[in-house]
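# Descriptive analysis of the structure
The primary structure of each chain is shown beneath.
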Amino acid sequence: MKKVSVLLMGIFLIMQAGAISAQAQKPDYEKYGKIAITVVQADYPEVEINDYEYKGRKTVSKNLVEDVFRFLVDDKGQKFNVIVTVQHDLKNEKLLSLKVTEQKEK
């Protein structure tokens, strides 16, 4: 009975440690999301950013990926999307290129 209690307690502690570890991990695109936010705020200082969305990741080559972020911007009642594409190397975590494009609503 004592061995069963110790075993159950050990399993419980391992599960708790895993849950804490999972909560502490940040998405790997977060760094580039912050860069994207900074770029949009710098390029559009006088506008209101209403929405922000991570659109996903595309693999370009073995270690090279593109993360895409969409921002809904309101410029004096005219709303449009700003798309920020961040290309970076997964191995050395270096930013390789950043592209900002506007998508005006028709």
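All of these numbers come straight from a predicted model, not from anything done at the bench. (Residues numbered from 1 in each chain as written. Predicted model: local features only at pLDDT ≥ 70, side-chain atom pairs only at ≥ 80, totals over all residues. Heavy atoms only, no water.)

## Looking at the packing of aromatic side chains
According to the stated counting rule, one finds six aromatic pairs in the structure shown. Relative to tyrosine 54, the ring of tyrosine 29 has its centre 3.7 Å away and its plane inclined at 5°; by these criteria the two rings are stacked. With tyrosine 29 in the loop between helix H1 (2-24) and helix H2 (30-43) and tyrosine 54 in strand E1 (residues 48-59), this pair connects stretches of sequence that are 25 residues apart. Under the relative-accessibility criterion, tyrosine 29 is labelled partly exposed at 25%. Taking relative accessible area as the criterion, tyrosine 54 reaches 24% and is therefore assigned partly exposed. A ring pair is formed by tyrosine 29 and phenylalanine 69, whose centres lie 6.5 Å apart and whose planes are at 55°; its orientation type is tilted. In this pair, tyrosine 29 sits in the loop between H1 and H2 while phenylalanine 69 sits in strand E2 (residues 64-75), placing the two residues 40 residues apart along the sequence. One aromatic cluster is present, formed by Tyr29, Tyr52, Tyr54, Phe69 and Phe71 through successive ring pairs. (Phe/Tyr/Trp six-rings, centres within 6.5 Å; stacked < 30°, edge-to-face > 60°. Helix = DSSP H or I, 4+ residues; strand = E, 2+ residues; numbered from the N terminus. Buried < 20%, exposed > 50% of the residue type's maximum accessible area, 1.4 Å probe, protein only.)

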